[in-house]
Amino acid sequence: RTFEPKHKAARAAYKERNKLRNNIQFPVFPGPYTGDSKEKAQARAWNELVQYERSNPQKLPAEDLRKRVHYTYMLCLSYLPLYPDFWHQCALWHGEIGDLKGEVKVYERALKMLPDCLMLHLALAERLEHRGNIEGAKAVYEGLAEKHAGPMVWIHYMRFARRTDGIGASRGVFKRARRSPNACTWHVFADAALREFRVNKDSAVARNVFDMGLKHYGNEVQYVLSYLDFLVLLNDDNNTRVLFEKVLADDGSGLDRNQSLEVWDRLVEFEYSRGDVATIQKVEQRRSLLYPELRPHAGLAQLA
């Protein structure tokens, strides 16, 4: 009778495990995750099994539960070694149960299987930073900057440097990013500028960064709109109008016709909120000359 509840729980868990495992097809040759419907179904089946074990249906002691869950994760990863989400989930589980060394080891093992997975690199850096291992996190970012440099890498590295080492360090990373033109896009300039404004509280430097980027990315409509939004936020109406005119000048900024229309629409919206009637009419007439196919405006109702 003493073991009867445990026996019943074990039998119930055995039946449920078999049910969950029957939904899993064990591949002969593990491959990368491509996202097709069969792979999604298999990932879902494995996740259901893992979550079932984590729920501790047999009410196992902590150490036995840890071994059971660890075994299930390792079984899953032996068949799906190129699925980064399971590596990430496994590492986080180690952290949740207080196994900090195990958490880092899982990420390190994952990166041996998936050395080009940016998500796993960034996750490792984040966990090291949260654990107070700033030098370890910085080493991860340095490795990324050397071998996998790209806009996302530079943006995360700049933010990390600002959090852990101050304004100068963040600006130093931005300077390095600008020297790697193939890995630096308008996103890096926009992020650096907005951080100067929002975090460093320095609107002058932020504007200088936006101006610097405009020389290289004046043909990127999203960058132009980001700069315009920044100036509007400053209530700098004069310089906002100057930027509109600069971008929409006859000699062009590299924007195609559809992209220029986005800027024209933003200018009309801006004048409806900041300008007078004469200015609004003048801007709409200029837009209509370039885009005669647009239907006549509906006055203030168009902004409703």
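Keep in mind the model is a prediction, meaning the values are calculated, not measured. (Residues numbered from 1 in each chain as written. Predicted model: local features only at pLDDT ≥ 70, side-chain atom pairs only at ≥ 80, totals over all residues. Heavy atoms only, no water.)

1. Quick word on the packing of helix H7 (residues 134-147) against helix H8 (residues 151-165)
Here's step 1: One way to put it is that H7 packs onto H8 with a least axis distance of 10 Å and a crossing angle of 155°. What the angle tells us is that H7 and H8 run roughly antiparallel. For the pair H7 and H8, the crossing hand works out as left-handed. In this structure, H7 contributes Ile-134, Ala-137, Lys-138, Tyr-141, Glu-142, Leu-144 and Ala-145 to the contact, and H8 contributes Val-153, Trp-154, His-156, Tyr-157, Phe-160, Arg-163 and Thr-164.
Here's step 2: Here the residues of the contact of H7 with H8 sort into nine nonpolar, two polar and three charged. (Axes fitted to C-alpha atoms, helices over the stretch in contact; angles between N-to-C directions. Helix = DSSP H or I, 4+ residues; strand = E, 2+ residues; numbered from the N terminus. Parallel < 35°, antiparallel > 145°, perpendicular 65-115°, else oblique. Left-handed = near helix turned anticlockwise from the far one by under 90°. Contact = heavy atoms within 4.5 Å. Nonpolar A, V, L, I, M, F, W, Y, C, P; charged D, E, K, R; others polar.)

2. Some words on the packing of aromatic side chains
The relation between two aromatic rings is expressed through the spacing of the ring centres and the mutual angle of the planes.
Here's step 1: Taken as a whole and assessed by the stated rule, the structure comprises 16 aromatic pairs.
Here's step 2: With a centroid separation of 5.3 Å and 10° between ring planes, the pair formed by Tyr-141 and Tyr-157 is classed as stacked. With Tyr-141 in helix H7 and Tyr-157 in helix H8, this residue pair connects regions lying 16 residues apart in the sequence.
Here's step 3: Judged by centre distance (4.8 Å) and plane angle (5°), the ring pair of Phe-210 and Tyr-227 falls under stacked. Remark: Tyr-227 occurs in helix H12 (residues 221-233) and Phe-210 occurs in helix H11 (residues 203-217); sequence separation between them is 17 residues. An identical accessibility class is assigned to Phe-210 and Tyr-227; each is buried.
Here's step 4: Between Arg-178 and the ring centre of Phe-174, over which it is positioned, the NZ or CZ distance is 4.7 Å. (Phe/Tyr/Trp six-rings, centres within 6.5 Å; stacked < 30°, edge-to-face > 60°. Buried < 20%, exposed > 50% of the residue type's maximum accessible area, 1.4 Å probe, protein only. Lys NZ or Arg CZ within 6 Å of the ring centre and 35° of its normal.)

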